[in-house]
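Take a look at the letters that make up each chain.
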Amino acid sequence: MLDNYYLNRGKSIKIKRVIAGCMAIGTIFIMSSSSNLKNLRINNRIVIKPVEHNLVSNNNNNNSSSTSSAVASSEVVVSSQAPIVDNSSMVSSQIEVKKYDLGNDELIEKYGQFTLWGMPYEGYLKAMDNKFEEILFEQSNDDDLNYDLTKLYRYADIEKYLYELGKNSNVRLYQLGTSSEQRKIYGIEVGTGSKVIMLTGNLHGNEGAGTGYILKSISDLLNKSNNDSYLKLLLENVKIVAIPCVNPDGREINITQNINYWKANGLGIDLNANFPSSEASVLSNKEKMDIGIKITPGPNAFPGYKLGDANETKVLMKWFEQYIVKEQAFCHIDYHQQGRVIYCTNFYGTDERNNNAKDFVSSLVSFFNNNNNNMPNFANIGTNTLMDGSGGGATYYANNLADGFVMSKKYGRLGMLKDDNVELALIFGKLTKDNTYYKPANFDFVNCTLEIGTKATVGYDMESLKNQSEEYYNYNYGNIPILLMEKCLGQEKINELKEQAKAKVLIMK
Ligand SMILES: [Zn+2]
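Every chain is numbered independently, its residues counted from 1 as its sequence is written. With pLDDT at 70 or above as the cut-off, local features in this predicted model cover only qualifying residues; side-chain atom pairs require 80 or more to be listed or tallied, and sums for whole chains, interfaces and linings still use all residues. Side-chain calculation: all heavy atoms of the structure are included, whereas hydrogens and water are not.

**Student:** Would you mind showing me how to read the overall build of the chain here?
**Tutor:** By definition, any uninterrupted DSSP run of H or I lasting at least four residues is a helix, any uninterrupted run of E lasting at least two residues is a strand, and each is numbered from the N terminus. The helix and strand tally for the chain stands at 12 helices and 17 strands. Residue burial is assigned from relative accessible area. The probe radius is 1.4 Å, only protein chains are included, and a residue is buried under 20% of its type maximum, exposed over 50%, and partly exposed in between. When the 509 residues of the chain are sorted by exposure, 59% land in the buried category. Between two residues, a contact is recorded if the distance between any of their heavy atoms is within 4.5 Å. Put simply, 79% of the contacts in the chain that link residues at least 6 apart link residues at least 24 apart. Using a 1.4 Å probe, the Shrake-Rupley method yields the accessible areas, and only the shown protein chains count as cover for residues. Looking at the chain as shown, the accessible area adds up to about 20700 Å², and 48% of this sits on carbon and sulfur atoms.

Below you can see the structure in the form of structure tokens.
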């Protein structure tokens, strides 16, 4: 019964559709390209829904009022909108340490207990039912597009930029869903290959560099590929999928309030603690709760009223399902911004996956350091002890999915399924590939949290943006997409493509 609830999405269409009577700024329509029927493509089901591309203004912030109930102990005023939660089992705004029936007191004694309500199953089904809507343009345009890292982009500017990028014949632009304050969250697919690389940025509101780095590096790659046969071939063999800005509300709060510490979303929920991963809000016995974890909404570290209750979390859960499980992505990098550190590995990961992740991160570390002998070294830190009440990060959830974990109706978290009737929300003991119940959904997938920059880069003021730009060039971030594409194809395939590219150049001469 507990199946993986993936939904099939039709393959993106490559031809930019033309519609008559468009507005000058590039009217688009949205095509629903989702279906909950397996193996059924429904590209021809078109929902005509014109949308102005500058529809999202920043007026949302004018709605902010001091009546916000979602903010405690903070001067920052966020949305007055009440969090949407299922009241049936809500623990007011407090996280209560509560013992759940794990069916075995001995195991609770040994491994700990949950400190936060899990995700209601209906919420999970709602997340999995989310449809990605492809945004189509009347005309394609492959002209160079230049992202300026030293310039402040409000979220509306990011949207405009994405609409320009979406016109490139090698890019598909999707509206993935909406934030808690109803801003649109976008995803892009760049290239047409079957190998998939995943990038996310700005999951923390104050860490906007990821958005700029992703957009800049992808734009430059596309610009260069116009005159480079090898890059063109890479893009035919690999697809880069990205959500440049996961948390638009948090981004706008920092910009409009002129602050640089608001990590959370617009409701004061820290998205990187809100994912219903196996290790989310699990308090190991005899350990103290992570002192960084907050019990009320605010700028950071509040995991939510329940796991998975933030819109943004739900959007990302479906996105992970699509690319990690259905399209067997090779890797995922989540761009953060807390000081030249790369985190990888997870508590329940098998040795194989954790070792692969360490190798992957080592190669990134040497990539960054080789180009910057005079700069402070990147550190490579494995995180494998998160049984302290935290642990609901995006990358943990992604790893659990790759390990074939499914949502437990009983515990509201991902776990291993023993059989249709027995759910193991917590893996009791070390997960090994020999475990009877271990059925990985994507055996080779690796991911990491890439913390770029130093403190001096955090924020949206001109000085921080200048520092972000310098950091980008000093550490060669522009070549990350190419590095990842080459890594996932392997040396043999790269050689083959280089030969093909040479041959093409000769023919052209
Ligand atoms: Zn962060």
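Still more to cover.
**Student:** Would you take a moment to explain the environment of G123 for this structure?
**Tutor:** Along the chain, the position of G123 falls in helix α2 (residues 121-128). For G123, a relative accessible area of 14% corresponds to the buried category. For the pair G123 and K314, spaced 191 residues apart in sequence, the C-alpha separation works out to 8.3 Å.

**Student:** In this structure, what is going on with helix α7 (residues 311-326)? I would like to understand it.
**Tutor:** Residue pairs spaced three or four apart in an α-helix point in one direction, given the helix's 3.6 residues per turn. Across its 16 residues, α7 extends 22 Å between first and last C-alpha, which sits within 8% of the 22 Å expected from 1.5 Å per residue. In terms of burial, α7 is largely enclosed, as 14 of its 16 residues are buried. Two residues or fewer after α7 comes Q328, characterised by a positive phi angle close to 55 degrees. Expected span, for any helix, means 1.5 Å times one less than how many residues it has.

**Student:** Which parts of the structure should I look at to understand the nonpolar core?
**Tutor:** Nonpolar side chains in soluble globular proteins generally cluster together in the buried interior. Nine residue types can take part in a nonpolar core, namely buried Ala, Val, Leu, Ile, Met, Phe, Trp, Tyr and Cys, and a core is a set of them joined through side-chain atoms within 4.5 Å. The biggest cluster of nonpolar side chains holds 64 residues, and the ones touching the most others in it are Y335, L364 and Y477. Listed in part, the 50 residues of the second largest apolar core include M119, Y305, W319 and M387.

**Student:** Looking at this structure, I do not really get helix α9 (residues 394-402). What am I missing?
**Tutor:** The element α9 is extensively covered by neighbouring structure, given that 9 of its 9 residues are classed as buried. Along α9, the residues classified as buried are A394, T395, Y396, Y397, A398, N399, N400, L401 and A402. Structurally, α9 contributes buried residues whose contacts are with α2, α7, β11 (331-336), α8 (351-370), β15 (414-419) and β17 (446-451). Positive backbone phi, at 85 degrees, marks G404, one or two positions downstream of α9.

**Student:** Is there a simple way to think about the coordination of the zinc ion in this case?
**Tutor:** Perfect tetrahedral coordination of a metal by four donors corresponds to 109.5 degrees between them, and perfect octahedral coordination by six donors corresponds to 90 or 180 degrees. Every protein donor of the zinc ion is listed here as H204 (ND1), E207 (OE), E207 (OE) and H336 (ND1), and their distances to the metal cover 2.0 to 2.7 Å. Each metal site lists N, O and S donors within 2.8 Å (3.2 Å for Na, K and Ca). With water left out of the atoms, a site can look as if it is missing ligands. Angular criteria define each label, namely tetrahedral for four donors with all angles between 85 and 135 degrees, square planar for four and octahedral for six donors with opposite donors over 155 degrees apart and remaining angles between 65 and 115, and irregular for whatever fails these tests. Taken together, the 4 donor atoms coordinating the zinc ion span angles of 52 to 146 degrees at the metal, a pattern that classifies the geometry as irregular. We classify H204 as buried; its relative accessible area is 7%.

**Student:** Explain the packing of helix α5 (residues 229-237) against helix α11 (residues 480-489) to me, please; I cannot follow it from the model alone.
**Tutor:** Here the axes come from fitting lines to C-alpha atoms, over the contacting stretch only for helices, and the angles between their N-to-C directions go from 0 to 180 degrees. Viewed as axis vectors pointing N to C, α5 and α11 meet at an angle of 60 degrees, and their least axial separation amounts to 11 Å. In terms of axis orientation, α5 runs oblique to α11. Crossing of α5 against α11: the hand is left-handed. Together, Y230, L231, L234, L235 and N237 of α5 and I482, M485, E486 and L489 of α11 make up the contact between the two elements. Each angle is binned into one of four classes, with values under 35 degrees roughly parallel, values over 145 roughly antiparallel, values of 65 to 115 roughly perpendicular, and all other values oblique. Take the far helix as the reference: if the near one is turned anticlockwise from it by less than a right angle, the crossing is left-handed, and if turned clockwise, right-handed.

**Student:** Would you mind going over unusual backbone geometry with me for this structure?
**Tutor:** Apart from glycine, the bulk of residues carry a negative phi angle, and the bulk of peptide bonds sit in the trans form. Even without glycine at this site, N258 takes up a positive phi of about 55 degrees. Relative to the helices and strands, N258 resides in the loop between α6 (248-256) and β10 (282-283). Residue A301 is not a glycine yet carries a positive backbone phi of 65 degrees. Relative to the elements of secondary structure, A301 occurs in the loop between β10 and α7.

**Student:** I tried to follow the pattern of salt bridges on my own but got confused; where do I start?
**Tutor:** If the charged atoms of two oppositely charged side chains come close together, the side chains can form a pair. Basic side-chain nitrogens of Lys or Arg form a salt bridge, by our definition, when they fall within 4 Å of a carboxyl oxygen of Asp or Glu. Counted by the stated rule, this structure contains 17 salt bridges. Where K466 meets E470, a salt bridge forms, and the shortest distance between an N and an O atom there is 3.8 Å. One end of the pair is K466 and the other is E470, both in helix α10 (residues 462-474) and 4 residues apart, which spans about a single turn. The shortest N-O distance in the salt bridge between K493 and E496 comes to 3.3 Å. Note that K493 and E496 are positioned in helix α12 (residues 491-508) at a spacing of 3 residues, about one turn of the helix.

**Student:** Explanation requested: the environment of C448 in the structure shown.
**Tutor:** Assignment of secondary structure puts C448 in strand β17. We classify C448 as buried; its relative accessible area is 1%. Linking C448 and T345, residues 103 residues apart in sequence, is a C-alpha distance of 7.5 Å. If near-sequence neighbours (up to four positions away) are discounted, C448 is found in contact with H332, I333, D334, I342, Y343, C344, F360, V361, L364 and T395.

**Student:** What should I look at first to understand the sheet that holds β15 in this one?
**Tutor:** Picture the strands of a sheet paired through backbone hydrogen bonds; they go either parallel or antiparallel. In space, the 3 strands of this open sheet follow the order β14-β15-β16, with antiparallel pairing throughout. Every other strand in the sheet has two partners, leaving β14 (406-407) and β16 (422-424) as the edge strands with one partner each. When DSSP locates at least two bridges between a pair of strands, those strands are taken to pair.

**Student:** How do you make sense of the pairing of strand β9 (residues 238-243) when you look at a structure like this?
**Tutor:** For a regular strand, the rule is simple: side chains alternate between the two faces of the sheet. Counted residue by residue, β9 has 6 buried out of 6 residues, so it is predominantly covered. Residue alternation in β9 divides its side chains into two sets, V238, I240 and A242 and K239, V241 and I243, and both sets are buried. As defined by bridge partners, strand β7 (residues 184-190) adjoins β9 across 3 bridges and the pair is classed as antiparallel. Directly across from V190, in β9, lies its bridge partner I240. Where strand β8 (residues 195-201) lies against β9, 6 bridges are found, and the strand directions are parallel. By the bridge assignment, V196 is partnered in β9 with K239.

**Student:** What am I meant to see in the side chain of E327 here?
**Tutor:** Along the polypeptide, E327 turns up in the loop between α7 and β11. Pairing of N or O atoms within 3.5 Å defines a polar contact, subject to two protein rules: one partner must be a possible hydrogen donor and the other a possible acceptor, and residues neighboring in sequence count only if both atoms are side-chain atoms. Looking at E327, its side chain comes within polar contact range of the side chain of Q322, at 2.8 Å.

**Student:** Looking at this structure, how should I read the confidence of the model for the chain?
**Tutor:** The predicted coordinates should not be examined in detail at positions where pLDDT is low. The predictor attaches a confidence to each residue, and that confidence, scored 0 to 100, is pLDDT. The predicted model of the chain has a mean per-residue pLDDT of 78, with 72% of residues at 70 or higher. Note that residues 1-103 has pLDDT below 50 and, in this model, 231 contacts with residues that lie over four places away or in other chains.

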